[in-house]
Amino acid sequence: MSPTTTTLPTGAPTSPLFEIRETPHSGRAVFATKDIPNDTLLWRSTDLTLDVLLREYRREVCGECFAYDHGRDLPIRDQSLGFAFCTPSCLETWKSRNGPLGIQAWTAVEKLVKKRSKEDSEMVSPDLPRPSTKRIAEAWDTTTTAASLIRVARAADRDSPANQAGVAVPVDHDGGGVKCTKQHRKAVQKALLQPLNPDIISFVLSGILHTYHNPSAWPCILALASDDTPYSSADDLAAYTRTYLHLLAVLPLPLLPHVTAESIRLLGSRDSHNSFGIRSLEDEGAEFFGYGCWPSASYFNHSCAPSVAKRRDGRVWEFRSARDVKEGEELCITYLSGEERRLSRGKRVGILKRNWGFDCACDRCEGV
Ligand SMILES: C[S@@+](CC[C@H](N)C(=O)[O-])C[C@H]1O[C@@H](n2cnc3c(N)ncnc32)[C@H](O)[C@@H]1O
């Protein structure tokens, strides 16, 4: 069967060098529309929409440009935000991108994270079975009551300036037409006592803030390949549902309409098959700082013998042809890390199945 042309998904990359088409077995993919010489710049993705820098790298990796200095602590550290920066200009860029509301939100989350000891923070065990769609729906359903109670308690905060920024324990008050009672206040306190995963809460917050500031980013996220079972384990799922309640309990009030079970589920379902690792630029990316989703970069399929090389430059991904490519050929990157690329076929297939959920049928695996 020959590939058919697809309506261009919102946020997909466009270029005279390639087009996006549907394939018979691996969704949409990027195809060369002309002969392309080796080392041609194909695309630059500047649309980082949600990301996380893992806690253990927060002092060593710049919160803005992801610069890393061989594990040395960076010179500018903002304790209340929980990020470090390589230059004052990176700090300023970060602040202007997040805006006053974003700064308030990150400060509230950082305050919450700092209250926890390391042991108290929820650790996600990667090797447990993945929750089914039924189990996922049930888990999110069980958050509904608590979420409604917390929303009433937070609405009752509205008139209390002292509570606007942070971990609020509201007074008895009429919140949005519903009387805020002890039950509502208890729901906030209970949510705040739940185990917390600092990386998941940061990842979700980055997406909520980005889409709050850039509403046009939502359709770009929605257009991405979706994973119905994106949680690696029951613990991972629980970390997301708890993150929902934590964020409802602490974020500034103007953000709360954006904090919904639907929005957080959507971020998780699109992250799973589309995020790129944010790794060190040396040592074949041996240090894994975190991960992020650049929607326009998410249309390249994987090959174990890729025709496209990707390179990160700060917050931007650059894609260049890795050899001469003929018109009509598929332009593929590799989803494997440096070491993984040298593994046997069986091991590569296993990694791709486990991490990405597909059976690799690239030319190298199929022995074409
Ligand atoms: C980042 S997306 C790539 C674009 C995707 N095909 C789409 O339609 O949006 C990753 C997903 O594409 C599919 N995919 C990528 N490379 C593949 C391959 N070599 N074989 C089969 N499926 C592949 C898998 O479903 C994977 O989870």
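Residues numbered from 1 in each chain as written. Predicted model: local features only at pLDDT ≥ 70, side-chain atom pairs only at ≥ 80, totals over all residues. Heavy atoms only, no water.

### Focus: the overall build of the protein chain
Argument step 1. Scanning the protein chain for helices and strands turns up 11 helices and 15 strands.
Argument step 2. The buried share of the protein chain, taken over its 368 residues, is 50%.
Argument step 3. Contacts in the protein chain between residues at least 24 apart in sequence constitute 67% of all its contacts with a sequence separation of at least 6.
Argument step 4. Surface exposure of the protein chain reaches about 17400 Å², of which carbon and sulfur atoms provide 53%. (Helix = DSSP H or I, 4+ residues; strand = E, 2+ residues; numbered from the N terminus. Buried < 20%, exposed > 50% of the residue type's maximum accessible area, 1.4 Å probe, protein only. Contact = heavy atoms within 4.5 Å. Areas by Shrake-Rupley, 256 points an atom, 1.4 Å probe, with all protein chains shown as cover.)

### Some details on the sheet that holds strand β4 (residues 41-45)
Argument step 1. With antiparallel pairing, the 3 strands of this open sheet are ordered in space as β4-β14-β13. Each of the sheet's edge strands pairs with one partner strand only, and the pair in question is β4 and β13 (308-313). Each strand axis lies, on average, 20° off the axis of its neighbour in the sheet, ignoring direction.
Argument step 2. Note: β13 against strand β14 (residues 316-321), 6 bridges, orientation antiparallel. For Ala309, the partnering residue across the bridge sits in β14 and is Arg320. (Pairing = 2+ DSSP bridges. Axes fitted to C-alpha atoms, helices over the stretch in contact; angles between N-to-C directions.)

### Some remarks on helix α8 (residues 261-271)
Argument step 1. The buried fraction of α8 amounts to 9 of the 11 residues, a majority that puts the element mostly inside the structure.
Argument step 2. Looking only at α8, the buried set comprises Ala261, Ser263, Ile264, Leu266, Leu267, Gly268, Ser269, Arg270 and Asp271.
Argument step 3. Tucked inside the fold, the buried residues of α8 contact β5 (50-53), α2 (133-141), α5 (198-213), α6 (217-222), α7 (234-250) and β11 (288-293).

### Quick word on the site of the ligand
Argument step 1. Neighbouring residues of the ligand: 17 residues in total, closest Ser26, Arg28, His273, Asn301 and His302.
Argument step 2. Between the ligand and Arg28 there is a distance of 2.7 Å, counted from an oxygen atom to a backbone nitrogen or oxygen.
Argument step 3. In the environment of the ligand, a nitrogen atom lies 2.8 Å from a nitrogen or oxygen atom belonging to the backbone of His302.
Argument step 4. When its residues are assigned to classes, the shell around the ligand shows 8 nonpolar, 7 polar and 2 charged. (Near = heavy atom within 4 Å. Polar contact = N/O pair within 3.5 Å; in protein donor to acceptor, adjacent residues only side chain to side chain. Nonpolar A, V, L, I, M, F, W, Y, C, P; charged D, E, K, R; others polar.)

### Overview of the nonpolar core
Most often, soluble globular proteins keep nonpolar side chains buried together rather than apart.
Argument step 1. Grouped together as the largest cluster of nonpolar side chains are 94 residues, with contacts concentrated most on Leu42, Trp140, Tyr244, Leu251, Phe319 and Leu331.
Argument step 2. It is helix α1 (residues 88-114) that contributes the most residues to this core, 10 residues altogether.
Argument step 3. Formed jointly, this core draws a minimum of three residues from each of two domains, domain 1 (4-47 + 294-366) and domain 2 (52-271).
Argument step 4. Not counting residues up to four positions away in its chain, the partners in contact with Leu331 are Phe18, Val30, Phe31, Ala32, Ile36, Leu42, Phe300, Asn301, Ser307, Val308 and Val325. (Core = buried A, V, L, I, M, F, W, Y, C linked by side-chain atoms within 4.5 Å. Domains from an automatic or database assignment.)

### Points about helix α3 (residues 143-155)
Argument step 1. For α3, spanning 13 residues, the distance from its first C-alpha to its last is 18 Å, which sits close to the expected 18 Å at 1.5 Å a residue.
Argument step 2. Listed as buried for α3 are Thr143, Ala147, Leu149, Ile150, Val152, Ala153, Arg154 and Ala155. (Expected span 1.5 Å × (residues − 1).)

### Quick notes on the pairing of β5
Argument step 1. Here β5 shows two buried faces, one formed by Leu50 and Val52 and the other by Asp51 and Leu53.
Argument step 2. When β5 meets β11, the two strands line up antiparallel, connected through 4 bridges. Within the sheet, the bridge partner assigned to Asp51 lies in β11 and is Gly292.

### Looking at unusual backbone geometry
Argument step 1. With phi around 65°, Asp39 is a residue other than glycine that occupies positive phi space.
Argument step 2. On the secondary structure map, Asp39 appears in the loop between β3 (28-32) and β4.
Argument step 3. Backbone geometry at Phe66 places phi at a positive 65°, although glycine is not the residue there.
Argument step 4. Along the chain, Phe66 turns up in the loop between β5 and β6 (76-78).

### Side note on the environment of Ala147
Argument step 1. Within the secondary structure, Ala147 sits in helix α3.
Argument step 2. For the pair Ala147 and His184, spaced 37 residues apart in sequence, the C-alpha separation works out to 9.7 Å.
Argument step 3. Apart from the residues within four sequence positions on either side, Ala147 is in contact with Tyr244, Leu245 and Leu248.

### Considering the pattern of salt bridges
Argument step 1. Under the defined criterion, the tally for this structure stands at 18 salt bridges.
Argument step 2. Between Glu110 and Arg55 there is a salt bridge whose closest N-O contact spans 2.8 Å. On the criterion of sequence distance, the pair formed by Glu110 in helix α1 and Arg55 in the loop between β5 and β6 is long-range, its members being 55 residues apart.
Argument step 3. As a salt-bridge pair, Lys134 and Glu138 come within 3.4 Å of each other at their nearest N and O atoms. Separated by 4 residues within a single helix, Lys134 and Glu138 lie in helix α2, roughly one turn from each other.
Argument step 4. On the basis of relative accessibility, which here comes to 36%, the residue Glu138 falls in the partly exposed class.
Argument step 5. A single salt-bridge network, built from bridges that share partners, covers Asp39, Arg44, Arg311, Glu318 and Arg320. (Salt bridge = Lys/Arg side-chain N within 4 Å of Asp/Glu carboxyl O.)

Geometric descriptors of this kind do not, in isolation, establish any biological role.
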